Amino acid sequence: MVTSKVASSSVSTARKTVAETVVIDGNKAAAYGAMLSRAQVVAAYPITPQSPVVENLSTFVADGLLDADFVDVESEHSALSVLHGAALAGARTFTATSGQGLCFMFEPYVRTSSMRLPIVMCIATRETLTPQSIWGGHQDAFLVREAGWIQMFAENNQEILDSVIMAYKIAENPDVALPVNVCFDGFYLSHMAERVDLPPQELVDSFLPPPRVLHSTLDPDHVMAVDPLTPGDLLVQYRHMHVQAMQRAKKVIVDVHKEFAELFGRSYGGLIEEYRMDGAEMAIVANGAPVGTAREAVDIARANGKKIGLVKLKTMRPFPRQELCAVLGNLKAVGVMDKNVCYGWASGAILMEVRSALKDVKNSPPVVGFIDGLGGADITLEDYDRAIGIIEEAAKGDVENEVTWLALEEE
Amino acid sequence: MGKVKYTTKYQAAVAEGLFVVNTGDWRYQRPVTESTRCCKCAQCWVVCPVNSRYELPTHYETDLSYCKGCGMCAAECYVGAIAMVEEIRD
């Protein structure tokens, strides 16, 4: 596990950035993130692999560690609907779900973003059924990427906690006012224990201002109908505003990550993060927990003299189009690791979007895709080694298959 | 595109007050109340979907700004005091 540390001795001597070091799984890290962010209303329904997020938060509230209204709901649909009301009343809200729970939540989920409610929701990513599976894929998060939420992926448990805190600052920024998904791999991160540094509450308080009053806070003194029947000439304006806000979020995401790094000493890049891209002729693009293994794979490849680096896609929505063109545009080949499928393109979703983005670059490199890790399968070092071999062939101009399903064999 | 013109100051669909769509524009018939027949039972007021019936000392009348001409008041009136008359517009 590699996290880049900001090299600044003045950070650690002048200010305490670690209150306690613990060994916890991703679900608990997410719960700590919500607790330290002082979430005021939490409503969530348990579903594998997210359930411990809810259980931990319930315990925090019962133990007096988190001063929040914990609302027991009968479904994910109710969970997010309750948070709509709470957010409109001006509260900082939190929920979490996975897979079919996200599907059940879909009706209020699409509303949340265009209602510009700064709700933060963790997705412990899980394959969407069928086939029946509880295990980690990215399909659930990728399925809803057009619902208008900001989506970020965490590579490790520390990043989960840090990203939840940053998510509130991004969501509640008046230029953004959009809900944020902090996605982390089901089982790989949700259930795996890692070292996590808990920041002091005072430090988080200095980073996160109190929840801001929204454009549509329910106020008896200013009677307002929220989301009334809206004629088309108004709807198009609201859509335009939403689209623009998503683009403005790019700068806010980068700025918030910079500010976080200065205060807490941990840096994640924001939209993308480059690893060993100096002098690279090829790159792997990956997101989420698979990035951890990719770093190792790149180290091994570099030790063998291969000029390859890694680009971690932290933010999927908004899509870092220009940033990816800048780092990938002049390479000889790019390989994309997708832990999801995009049915319309017989590829993964990230491949489809990276290819599309690179159209902006003249003589852009060939982009090959890999589909792996579905249904909870490991994306191994051997898989990456195979992938790097295929990327090398592409760099020589030899692309046999645009997409390789690494878990399947040809006849 | 350059800067786009917005006709609303809000960033999401909200409306001050309770109505945003002028349902009065939908009307092709309007309720006419015979004041001497009205018994002030208030059923018309109860059933009106857009809260357009209002009480006067002798009978109930309709605020035409939002009345959409659905005819519920006429259908429910116990004493048949309301008739739906075709709306003539330019």
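Residues numbered from 1 in each chain as written. Chains lettered and ligands numbered in written order. Predicted model: local features only at pLDDT ≥ 70, side-chain atom pairs only at ≥ 80, totals over all residues.

Trainee: Hey, could you go over the overall build of chain A for me, with residue numbers and the actual values?
Mentor: Within chain A, the regular secondary structure consists of 14 helices and 18 strands. Its C-alpha radius of gyration of 21 Å places chain A within 12% of the 22 Å reference for a compact globule of 411 residues. Structurally, chain A occupies a C-alpha span of about 70 × 55 × 40 Å along its principal axes. Residues classed as buried in chain A amount to 51% of the 411 residues present. In chain A, the proportion of contacts linking residues at least 24 apart, taken out of those at least 6 apart, comes to 80%. (Helix = DSSP H or I, 4+ residues; strand = E, 2+ residues; numbered from the N terminus. Rg over C-alpha atoms; globule rule 2.2 N^0.38 Å. Buried ≥ 20, exposed ≤ 12 C-beta atoms within 10 Å, placed from the backbone. Contact = placed C-beta atoms within 7 Å.)

Trainee: An account of the overall build of chain B is requested, with residue identities and associated values reported.
Mentor: Looking only at helices and strands, chain B has 2 helices and 5 strands in total. Taken from the N to the C terminus, the helices and strands of chain B come in the order β-β-α-β-β-α-β. Relative to a compact globule of 90 residues, whose C-alpha radius of gyration would be 12 Å, chain B shows 17 Å and is clearly more extended. When the 90 residues of chain B are sorted by exposure, 24% land in the buried category. Contacts in chain B between residues far apart in sequence, at least 24 positions, make up 68% of those at least 6 positions apart.

Trainee: So what's going on with the domain arrangement of chain A? Residues and values would help.
Mentor: All names here are of chain A. Taken domain by domain, chain A consists of domain 1 (4–267) and domain 2 (272–405). Relative placement of domain 1 and domain 2: their C-alpha centres are 27 Å apart. Residue-level contacts link 26 residues of domain 1 with 19 residues of domain 2. When contributions to the side of domain 1 that touches domain 2 are tallied by element, the ones reaching two or more residues are helix 7 (139–143), strand 7 (150–153), strand 8 (180–185) and helix 10 (232–264). Taken together, the residues of the side of domain 1 that touches domain 2 break down into 13 nonpolar, 8 polar and 5 charged. (Domains from an automatic or database assignment. Nonpolar A, V, L, I, M, F, W, Y, C, P; charged D, E, K, R; others polar.)

Trainee: Talk me through the nonpolar core; I want residue IDs and the actual numbers.
Mentor: Counting 130 residues, the largest nonpolar core has Ile 170, Val 182, Ala 283 and Val 285 of chain A as the members making the most contacts within it. Two domains each provide a minimum of three residues to this core, namely domain 1 (4–267) and domain 2 (272–405) of chain A. Among residues more than four places away in sequence, those in contact with Ala 283 of chain A are Met 277, Ile 308, Gly 309, Leu 310, Val 311, Leu 328, Leu 331 and Val 334 of chain A. By size, the runner-up hydrophobic cluster in this structure holds 8 residues, among which are Tyr 60, Cys 73, Cys 77 and Ala 81 of chain B. (Core = buried A, V, L, I, M, F, W, Y, C linked by C-beta atoms within 7 Å.)

Trainee: Go over the pairing of strand 7 of chain A, please, and point to the residues and values.
Mentor: Residue and element names in this part refer to chain A. Along strand 7, one buried face is formed by Ile 150 and Met 152 and the opposite face, lined by Gln 151 and Phe 153, is buried too. Taken together, the 4 bridges between strand 7 and strand 8 define a ladder with parallel strand orientation. Bridge pairing in strand 8 places Phe 153 opposite Cys 183. As for the winding sense of the linkage, the β-α-β connection from strand 7 through helix 8 (residues 157–171) to strand 8 is right-handed. (Pairing = 2+ DSSP bridges. Right-handed = clockwise from strand over helix to strand, strands pointing away.)

Trainee: Go over the sheet that holds strand 13 (residues 282–286) of chain A with me, naming the residues and quoting the values.
Mentor: All names here are of chain A. The strand order across the open sheet formed by 6 strands is 12-14-13-16-17-18, and the pairing between neighbours is mixed. Edge positions in the sheet fall to strand 12 (272–275) and strand 18 (403–405), since each has one partner strand and no second. Neighbouring strand axes in the sheet, compared pairwise and without regard to direction, differ in orientation by 20° on average. Direction of pairing for strand 13 relative to strand 14 (residues 308–313): parallel, over a ladder of 5 bridges. Looking at strand 14, one finds that Ala 286 is bridged to Lys 312. Along the sheet face, helix 11 (residues 290–303) touches strand 12, strand 13, strand 14 and strand 16 (333–338) and points at about 170° away from the line of strand 14. The strands that helix 14 (residues 381–395) touches are strand 13, strand 14, strand 16, strand 17 (367–371) and strand 18; relative to strand 16, the one it contacts most, it runs at about 150°. (Axes fitted to C-alpha atoms, helices over the stretch in contact; angles between N-to-C directions.)

Trainee: Requested: an account of the interface of chain B and chain A, with residues and values cited.
Mentor: Facing 15 residues of chain B, the contacting portion of chain A comprises 20 residues. Residue classes in the side of chain B that touches chain A are distributed as 10 nonpolar, 4 polar and 1 charged. Direction of pairing for strand 10 (residues 224–226) of chain A relative to strand 1 (residues 14–16) of chain B: antiparallel, over a ladder of 3 bridges. Across the sheet, the residue bridging to Val 226 of chain A is Val 14 of chain B, located in strand 1 of chain B.

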